[in-house]
Amino acid sequence: MIAPFWSRGKRKLCTGCGNDAGFDLPITMAFQPIVDLTNRRVFAYEALVRGTNGASAQEVLSRVTPENRYAFDQKCRVTAIALAAELGLAEQGALLSINFLPNAVYEPSACIGATLEAAQRVNFPTTNILFEFCENEALDTNHLLHILQSYETMGFKTAIDDFGAGYAGLNLLAQFQPDYVKLDMGLSRDIDTTPVKQVMMRHTVAMLEGLGITPICEGVETASEASALAEIGISLQQGYVYAKPALAELPMVH
């Protein structure tokens, strides 16, 4: 366990954490696998928020406000870790991929406390946690870099989600290289029949590999798309062709 940034006593809260409102909507998680085609195993499971009352991710996220986003972000982390431990995710040798909201992290060393406490409580190894964020909202780049560098120092793995469809893009990669980059599904959709996308994907993958970053393709829906991506050199893939998200369970992989 990695726990140099918090104590077993009362956990310190930063100003932003302490002023945040609660998030009262009960939530659970659906899990979707990221498969490793080279080793023919599940590389990770992404935890996707859902409402316990059947609410979709969109319905849950529509309840997030600037006032309660910290509480929501923390609740998602704790819920994902507790469920992953209950389902034996780490025992499979897989990572748990948790989405986080950069704007909900005020001071990384303080805001990580609940995550570490939850992992210790259920004996879930922090080395199996992958934090991914989506760059689909305008962010303070310096603050984001501070979060990512802090998480890296703490021993967590990091990933950029939906790369190629957001704000930061190449400028962010020039300053920080995460462990993984999840390529936007718009690039992988119909890639088997779209030569332009194949060229773009090959060059993107070559760039990422040159930076020491492992690419992940999401939104893979057909066997032909999966094969085309594998030929380009992308062995980590996620999408309906392998499994749909399963509510509070680890789905079987096709």
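Here's a quick rundown of the structure. (Residues numbered from 1 in each chain as written. Predicted model: local features only at pLDDT ≥ 70, side-chain atom pairs only at ≥ 80, totals over all residues. Heavy atoms only, no water.)

### Let's talk about the pattern of salt bridges
Our working rule: Within this document, salt bridges are pairs made up of a side-chain nitrogen of Lys or Arg and a carboxyl oxygen of Asp or Glu, the two lying within 4 Å of each other. A run of H or I in DSSP becomes a helix once it reaches four residues, and a run of E becomes a strand once it reaches two; helices and strands are each numbered from the N terminus. Only protein chains enter the area calculation, which uses a 1.4 Å probe; residues under 20% of their type maximum are buried, those over 50% are exposed, and those in between are partly exposed.
Going through the model one piece at a time under the given rule, you end up with 5 salt bridges. In this structure, K182 engages E46 in a salt bridge whose closest nitrogen and oxygen atoms are separated by 3.0 Å. Taken together, the positions of K182 in strand β6 (residues 180-183) and E46 in strand β2 (residues 41-51) put the pair 136 residues apart, joining distant regions of the chain. Across the pair, E46 and K182 agree in class, each one buried. The shortest N-O distance in the salt bridge between E221 and R189 comes to 3.7 Å. Here E221 is found in the loop between β7 (214-217) and α10 (223-232), whereas its partner R189 is found in the loop between α8 (185-188) and α9 (195-210), with 32 residues between them in sequence. Through salt bridges with shared partners, one network takes in E46, E132, K182 and E218.

### Digging into the environment of L208
For clarity, the cut-off: Contacts between residues were defined by any pair of non-hydrogen atoms, one from each residue, lying within 4.5 Å.
With respect to the element layout, L208 can be found in helix α9. Along the backbone, L208 and L173 are 35 residues apart, and their C-alpha atoms lie at a distance of 9.1 Å. When sequence neighbours within four positions are dropped, the list of residues in contact with L208 reads L173, V181, L183, I213 and P215.

### Remarks on α10
Convention followed: In this description, one arc is meant: the one made by directions from the helix axis to the C-beta atoms.
Here α10 has its buried residues at E225, A226, A228, L229 and I232. The buried residues of α10 occupy an angular sector of 165 degrees when the element is viewed end-on, so they sit on one face. Along α10, exposed side chains directed more than 90 degrees from the buried face belong to A223 and E231. Of the surrounding elements, those touching the buried residues of α10 are α8, α9, β7 and β8 (236-237). In the segment just after α10, G233 is the residue with positive phi, at about 115 degrees.

### Description of the packing of aromatic side chains
What counts is decided by this rule: Pairing of aromatic side chains requires ring centres within 6.5 Å, counting the rings of Phe and Tyr and the six-membered ring of Trp. Pairs whose planes differ by under 30 degrees are stacked, by over 60 edge-to-face, and all others tilted.
Following the criterion strictly, the structure yields 9 aromatic pairs and no others. Aromatic side chains F43 and Y180 sit 5.2 Å apart centroid to centroid with 65 degrees between the ring planes, which places their arrangement in the edge-to-face category. Highlighted residues: F43 in strand β2 and Y180 in strand β6, separated in sequence by 137 residues. Residue classification places F43 among the buried positions, given a relative accessible area of 8%. Taken together, a centroid distance of 5.1 Å and an interplanar angle of 70 degrees make the contact between F131 and F156 edge-to-face. A residue pair is termed long-range when its members are at least 10 positions apart, and F131 in strand β4 (residues 129-134) and F156 in the loop between α6 (141-154) and β5 (157-163) qualify at 25 residues. Each member of the aromatic cluster is reached from another via a ring pair, and the members are F100, F131, F133, Y151 and F156.

### Focus on the nonpolar core
To keep things clear, this is the line we draw: Residues belong to a common nonpolar core when they are buried Ala, Val, Leu, Ile, Met, Phe, Trp, Tyr or Cys residues joined through side-chain atoms within 4.5 Å.
Within the largest apolar cluster, 66 residues are counted, with the highest numbers of intra-cluster contacts made by M29, F31, L89, L96, F124, Y151 and M201. The leading source of residues in this core is helix α3 (residues 69-86), at 8 residues. The next biggest cluster of nonpolar side chains, apart from the first, holds 9 residues, and it includes F43, L95, A159 and Y180.

### Section: the environment of T127
Turning to its location among the elements, T127 is positioned in the loop between α5 (113-121) and β4. Contacts of T127, omitting those with residues within four sequence positions, involve L95 and K157.

### Let's talk about a nonpolar patch on the surface
Definition in use: Think of a patch as exposed residues, more than 30% relative accessible area, with no salt bridge, where like charges cluster within 9 Å and nonpolar side chains (Val, Leu, Ile, Met, Phe, Trp, Tyr) cluster within 5 Å. For the accessible areas, the method is Shrake-Rupley and the probe is 1.4 Å, while residue cover comes only from the protein chains on display.
Taken together, the side chains of L170, M207 and L211 present a nonpolar region at the surface, about 250 Å² in accessible area. Looking at the element boundaries, L170 is found in helix α7 (residues 169-175).

### As for α9
Three- or four-residue spacings in an α-helix give side chains the same orientation, since the helix completes a turn every 3.6 residues. What counts is decided by this rule: Take the number of residues in a helix, subtract one, and multiply by 1.5 Å to get its expected span.
Under the 1.5 Å per step criterion, the end-to-end length of α9 is 23 Å for 16 residues, consistent within 8% with the ideal 22 Å. Those residues of α9 not exposed but buried are M201, T204, V205 and L208. Projected down its long axis, α9 carries its buried residues within an arc of 100 degrees, all on one side. When the buried face of α9 is taken as reference, the exposed residues oriented beyond 90 degrees from it are P195, V196, H203 and G210. At the C-terminal side of α9, G212 shows a positive phi close to 80 degrees.

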